[in-house]
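Observations on chain architecture
Below are the chains, spelled out letter by letter.
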Amino acid sequence: MALDLGSLLGKKNPPLVGLDISTSGVKLVELAEVGRNELRLERFASEPLPRGAVVDGNIENIEQVSEAVRRVWKKSGTRAKMVALGMPPASVITKKIILPGGMSEEELELQVEAEASQYIPFALDEVSLDFDVIGPAQNSPEDVEVLLAATRKEKVEDRVAVAEAAGLTPVVMDIESYAARAAIDRITAQLPKGGQGQIIALFQIGAQVTHVSILLDGQPIYEREQPFGGNQLTQDIVRAYGLSYEEGEAKKKAGDLPEGYERELLSPFLENAALEVTRAIQFFFTSTPYTRIDQIFLAGGCAIIPGLVDIVAGRTKISTSVVSPFNGMQLASNVREKQLRGEAPAYLVACGLAMRRFD
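Residues numbered from 1 in each chain as written. Predicted model: local features only at pLDDT ≥ 70, side-chain atom pairs only at ≥ 80, totals over all residues. Heavy atoms only, no water.

Moving on, we get to the pairing of strand S7 (residues 82-87). In terms of burial, S7 is largely enclosed, as 5 of its 6 residues are buried. Two elements, strand S2 (residues 16-21) and S7, share 4 bridges in a ladder whose sense is parallel. Of the residues in S7, the one forming a bridge with Gly 18 is Ala 84. (Buried < 20%, exposed > 50% of the residue type's maximum accessible area, 1.4 Å probe, protein only. Helix = DSSP H or I, 4+ residues; strand = E, 2+ residues; numbered from the N terminus. Pairing = 2+ DSSP bridges.)

Structural data, given as structure tokens:
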């Protein structure tokens, strides 16, 4: 599902990089196809963002963000200028609608616009609108099920402006949760029986927000966002040791903190994270007909905090693992494996965006 910002000129899979802009930083991934359904990770890189440059998914400082994009592009060593970008799920309205089958593209477009005006609380000329025909409608095969996605034009324009200011050409605008799902589908396919019938809970724990997606056979059956993330731990570190925010973040990542840190700050944070996960699972059980989860995947920058997997598995009694979107991929010779192991879970969205190259 993506706002296509320009067809790729009929060239088969020209180089395209996935560019994930989040609160904490910018991440870039470039993939190549090396056989049938075989992917190779060509490049990955990240660059932190100053605090306040991106707030709640909104770009507050275009200059700072485009500077970070320019740096990450240079650091990665890629030559690809075309990029796929993601929109935060909270800023996109999505709705499944049923329309009569057999319409031309133009008729569909008019019909989608007419339907969209019912669901969108803004004037249509302020909105970027896209739709995707999913297939025949379940209960009436002569109709089609269509997924429409709408977001405010200015939010799309800000992301486009950032990429263009960094000298790049945005060609695809996806929704971050859809990109993450594309990356997870690859991982689920590697489970026994391709993960069929398994209920999988994906927790992407970011800097400020945890995005929860619960999936069955590749389809989301439940989604929500919780205001919890790694910034809480950074702020505790800043307060406890009198550091600047940037120092606190760097020392947290490097594990370079005084004795007593694990007991006084890390343990309570992990307890809190496990509580957020169990709470989300309880919400899922009480608001849907489902009563089980077979597998928890942890992703996002916080997923790799030592001890998190064990405490979540212990509290929920559900098989839990940290997920790397690059599992089962070949790695290009310039990819540093040790660095990748430590950072991979944070690249879920960037990897899903990079996969748009092969759609």
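With that settled, consider a negative patch on the surface. A cluster of acidic residues, Glu 105, Glu 106, Glu 107, Glu 109 and Glu 113, forms a negative patch on the protein surface. Mapped onto the elements of the fold, Glu 106 is located in helix H2 (residues 105-119). (Patch = residues over 30% accessible without salt bridge, like charges linked within 9 Å, V, L, I, M, F, W, Y side chains within 5 Å. Areas by Shrake-Rupley, 256 points an atom, 1.4 Å probe, with all protein chains shown as cover. Salt bridge = Lys/Arg side-chain N within 4 Å of Asp/Glu carboxyl O. Lys, Arg positive; Asp, Glu negative; His and termini not counted. Charge placed at Lys NZ, Arg CZ, Asp CG, Glu CD.)

Enumeration over the complete set of coordinates arrives at 0 disulfides. No disulfide involves Cys 351; its sulfur sits 20 Å from that of Cys 302, the nearest cysteine. (Disulfide = S-S within 2.5 Å.)

Let us now look at the environment of Ile 21. By the secondary structure assignment, Ile 21 is in strand S2. For Ile 21, a relative accessible area of 4% translates into the label buried. Every residue in contact with Ile 21, bar those within four places of it in the chain, is listed here: Val 54, Val 65, Leu 85, Arg 159, Val 162 and Glu 176. (Contact = heavy atoms within 4.5 Å.)

The next thing to look at is the packing of helix H5 (residues 231-241) against helix H7 (residues 261-287). Running from N to C, H5 and H7 point in directions that differ by 155°, and their axes come no closer than 10 Å. By the angle between their directions, the pair H5 and H7 is classed as roughly antiparallel. Relative to H7, H5 is oriented so that their crossing is right-handed. For the pair formed by H5 and H7, the contact residues are Gln 232, Leu 233, Asp 236, Ile 237, Ala 240 and Tyr 241 on the first element and Tyr 261, Leu 265, Leu 266, Phe 269 and Asn 272 on the second. Taken together, the residues of the contact of H5 with H7 break down into 8 nonpolar, 2 polar and 1 charged. (Axes fitted to C-alpha atoms, helices over the stretch in contact; angles between N-to-C directions. Parallel < 35°, antiparallel > 145°, perpendicular 65-115°, else oblique. Left-handed = near helix turned anticlockwise from the far one by under 90°. Nonpolar A, V, L, I, M, F, W, Y, C, P; charged D, E, K, R; others polar.)

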